[in-house]
Amino acid sequence: MNGKRAWLVWGVGVFAYMVAVTQRTSFGVAGLEATERFSATASVLSVFTVVQLLVYAGLQIPVGVLVDRFGPRMLIAAGAALMMAGQFQLAAAESVGAGILGRSLVGAGDALTFISVLRLLPAWFSGRKIPVLTQYTGIVGQLGQVASAIPFAFVLHRFGWSTAFVSAASLSLLALVLTLACVRNRPDGGEAPVPLPLRQTGTSLSEAFAQPGTRLGMWTHYTVQFPGTVFVMMWGFPYLVSAEGVAPPVASGLMTFFVVVAIVCGPWMGSWVGRHPLRRSTMVLLIAGAMALGWLAVLLYPGPAPLWLLALLVALLAVGGPGSMIGFDFARTYNPSHRLGTATGIVNIGGFIASLVSMYLIGAVLDVLNSNGFSGGDLYALGSFRIALAVQFAVMAVGVLGILRTRAKIRSRLADAGSPLPPLRAALARERQRRREERRGTAGGDGRR
């Protein structure tokens, strides 16, 4: 484990996930062009991404079961093939129905990819590396947003709709070829997990969901993943360009800044989680509060928000990506290996349910305001967007309540087992003491040399 072959397998898997993120987010930068191409209202336009995420979310648990049974290589390859077909379909689509079919195929292929890539980690790496590599999988994969925000957007605006989506489809073809050539489910001679009989699949699913740690992971993913997803996949680009008056190149730059912040924060957050596994939910709640405050500041700002405030909002939303990965760490630490894929699927469904609900509600509110003359004929007016985007606060509140409820249940079980969680101030005091001892040890070592 941890050898060169392991890094190659993981690298190809991460590339496949990065391509999946490119396909997932490509429609987000094409929102204005899609409105014109399909003559779509805001609510109809949101259906494209809502259906895509509905397919994605609906397949998470079946995919978790399948990856436990058949291994990740087959599913990663199948996911690349489906996304390639979906982007080709969208390139040729000229009606709403044909476009939705394309995005549905993209959602199905995307659903097969992330869980399968995470499933490679326990087979190829030792346990202490897995939390950090889980973070790196998420943040390196998010470079796909850069691909959609810059080169894809450039091709779209320069060469047109069909050329852009055919180019995106070619990336999935490359991911398919590399996966078949390089990815294996486990090292040569590695012990293959014994798949559960089909009749026990339902039992494994119910056991995974009954585990409070799995549900805490699901609510974690639900709460801090969706604000960034809604922003980059659907409403961020139209909001920045049409409502806030940001130039399209600057809006693409902000989308890229989103990825940069996630990359910078991810490794630190993975390391922090490794040192403080009992404080993971506290970190999640702090991230949720910061994102809510960021949106509140932007939405209450008189007139268009200044660029620095929009950049701060984007940075706060970006932290939610690495923060949501904590949910998968809950699944890993509270479930046995034979149902890890199933538990991961349950966790992953959380954020995308919140995302599709938010995306559709935002589009519906924009249409209602426009039909009542609130926006003065401008579907994407700033005042309308402020009201519509506020629905995210209600969605986030549901997630926070879910975190608090499941966390209380876990802590109660710890207390009953004789292992109560120490107060936060005591944990922080121990951390300060540990750092002082490390500094003294380093200074002593330097002096001896």
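First things first, this report covers the structure right here in the doc. A quick note: this is a predicted structure, and the numbers were derived from the prediction, not measured.

**Focus on the overall build of the chain**
Part 1 of the argument: Broken down by element type, the chain carries 17 helices and zero strands.
Part 2 of the argument: Counting all 449 residues of the chain, 53% fall into the buried class.
Part 3 of the argument: Contacts in the chain between residues far apart in sequence, at least 24 positions, make up 83% of those at least 6 positions apart.
Part 4 of the argument: Carbon and sulfur atoms form 66% of the exposed surface of the chain, whose accessible area is close to 18,200 Å².

**Quick word on the pattern of salt bridges**
Part 1 of the argument: One pass over the structure, following the stated rule, counts two salt bridges.
Part 2 of the argument: Across the pair Arg 280 and Asp 329 runs a salt bridge whose closest N-O atoms are separated by 2.9 Å. One end of the pair, Arg 280, is in helix α12 (residues 280–300); the other, Asp 329, is in helix α13 (residues 307–334), and 49 residues separate them in sequence.
Part 3 of the argument: Assessed through its relative accessible area of 5%, Arg 280 is described here as buried.
Part 4 of the argument: Of the residues examined, Asp 329 reaches a relative accessible area of 10% and is grouped as buried.

**Concerning the nonpolar core**
Side chains that are nonpolar tend, in soluble globular proteins, to be buried together.
Part 1 of the argument: Core analysis: the biggest nonpolar cluster contains 123 residues, and Trp 161, Phe 231, Trp 235, Tyr 239, Trp 295 and Leu 366 have the highest contact counts within it.
Part 2 of the argument: For this core, the leading source of residues is helix α10 (residues 212–243), giving 16 residues.
Part 3 of the argument: In this structure, Leu 366 is in contact with Ala 42, Trp 235, Leu 379, Tyr 380, Ser 384, Phe 385 and Ala 388, ignoring residues within four places of it in sequence.

**Quick look at the packing of aromatic side chains**
Part 1 of the argument: For the structure shown, the criterion picks out 20 aromatic pairs.
Part 2 of the argument: Measuring from ring centre to ring centre gives 5.0 Å for Phe 38 and Phe 48, while their planes differ by 35°; the resulting arrangement is tilted. Here Phe 38, found in the loop between α2 (31–37) and α3 (42–70), pairs with Phe 48, found in helix α3; they are ten residues apart in sequence, far enough to count as distant.
Part 3 of the argument: Exposure remark for Phe 48: the relative accessible area of 0% places this residue in the buried category.

**Details of the environment of Gly 64**
Part 1 of the argument: Considering the arrangement of structural elements, one finds Gly 64 in helix α3.
Part 2 of the argument: When the C-alpha atoms of Gly 64 and Leu 340 are compared, they prove to be 7.9 Å apart, with 276 residues separating the residues in sequence.
Part 3 of the argument: The residues contacting Gly 64, other than those within four sequence positions of it, are Ile 115, Gly 341 and Thr 342.

**Quick notes on a nonpolar patch on the surface**
Part 1 of the argument: On the surface, Leu 293, Leu 296, Leu 300 and Phe 393 cluster together to form a nonpolar patch covering roughly 390 Å² of accessible area.
Part 2 of the argument: On the secondary structure map, Phe 393 appears in helix α16 (residues 391–416).

**Digging into the side chain of Thr 113**
Part 1 of the argument: Position of Thr 113 among the secondary structure elements: in helix α5 (residues 96–124).
Part 2 of the argument: Thr 113 has contacts with Ala 16, Tyr 17, Ala 20, Ile 76, Gly 79 and Met 83, leaving out every residue within four places of it along the chain.

**Considering α12**
Part 1 of the argument: Here α12 contains 21 residues, and its C-alpha end-to-end distance of 31 Å stays within 8% of the 30 Å for a straight helix at 1.5 Å per residue.
Part 2 of the argument: Inspection of α12 places Arg 280, Ser 281, Thr 282, Met 283, Val 284, Ile 287, Ala 288, Met 291, Gly 294, Trp 295, Val 298 and Leu 299 among the buried residues, and these make up the whole buried set.

**Let's talk about the side chain of Gln 52**
Part 1 of the argument: Note on placement: Gln 52 falls in helix α3.
Part 2 of the argument: A residue is classified by how much of its surface remains accessible, and Gln 52, at 1% relative accessible area, is buried.
Part 3 of the argument: Engagement of the side chain of Gln 52 in a polar contact is seen with the backbone oxygen of Arg 24, the distance being 3.5 Å.
Part 4 of the argument: Ignoring sequence-local partners within four residues, the contact set of Gln 52 consists of Arg 24, Arg 103, Val 106, Gly 107 and Met 233.

**Brief notes about the environment of Leu 8**
Part 1 of the argument: Relative to the assigned elements, Leu 8 resides in helix α1 (residues 4–26).
Part 2 of the argument: For the pair Leu 8 and Val 183, spaced 175 residues apart in sequence, the C-alpha to C-alpha distance is 8.0 Å.

**Structural notes on the packing of α12 against α13**
Part 1 of the argument: The geometry of α12 relative to α13 is characterised by a closest axis approach of 9 Å and an angle of 155° between their N-to-C directions. By the angle between their directions, the pair α12 and α13 is classed as roughly antiparallel. In the packing of α12 onto α13, the handedness of the crossing is left-handed.
Part 2 of the argument: A breakdown of the residues in the contact of α12 with α13 according to their chemical character gives 17 nonpolar, five polar and two charged.

Reading the values: the criteria
- All residue numbers refer to positions counted from 1 along the written sequence of the respective chain.
- Side-chain atom pairs in this predicted model are given and counted only at pLDDT of 80 or more, local residue features only at pLDDT of at least 70, and totals for whole chains, interfaces and linings cover all residues.
- Think of the side-chain values as coming from all heavy atoms in the structure, minus any hydrogens and water.
- To qualify as a helix, a DSSP run of H or I must reach at least 4 residues; to qualify as a strand, a run of E must reach at least 2; elements of each kind are numbered from the N terminus.
- Any residue under 20% of the maximum accessible area for its type is buried, any over 50% is exposed, and the rest in between are partly exposed; the area is computed with a 1.4 Å probe on protein chains only.
- In what follows, residue pairs with any heavy atoms lying within 4.5 Å of each other are defined as contacts.
- To measure how exposed things are, a 1.4 Å probe is used in the Shrake-Rupley method; for residues, cover is taken only from the protein chains shown.
- Here, a salt bridge means any side-chain nitrogen of Lys or Arg that lies within 4 Å of a carboxyl oxygen of Asp or Glu.
- Definition used in this section: a nonpolar core is a set of buried Ala, Val, Leu, Ile, Met, Phe, Trp, Tyr and Cys residues joined via side-chain atoms within 4.5 Å.
- Two aromatic rings, drawn from Phe, Tyr or Trp (for Trp, its six-membered ring), form a pair once their centres lie within 6.5 Å of each other, and the interplanar angle then sorts them: stacked below 30 degrees, edge-to-face above 60, tilted otherwise.
- Within this analysis, patches are made of residues with over 30% relative accessible area and no salt bridge. Like charges are joined at 9 Å or less; nonpolar side chains (Val, Leu, Ile, Met, Phe, Trp, Tyr) at 5 Å or less.
- To estimate the expected span of a helix, subtract one from its residue number and multiply by 1.5 Å.
- N or O atoms within 3.5 Å of each other form a polar contact, as long as, within protein, one can give a hydrogen and the other can take it, and as long as residues adjacent in sequence are counted only when both atoms are side-chain atoms.
- For helices, the axis comes from a line fit to the C-alpha atoms of the stretch in contact; other axes are also lines fit to C-alpha atoms, and the angle between any two N-to-C directions lies between 0 and 180 degrees.
- Just so you know how the angles are binned, under 35 degrees is roughly parallel, over 145 roughly antiparallel, 65 to 115 roughly perpendicular, and the rest oblique.
- In this scheme, a crossing is called left-handed if the near helix is turned counterclockwise away from the far one by less than a right angle; it is called right-handed if the turn is clockwise.
- Each residue gets one label: Ala, Val, Leu, Ile, Met, Phe, Trp, Tyr, Cys and Pro are nonpolar, Asp, Glu, Lys and Arg are charged, and the others, such as Gly, are polar.

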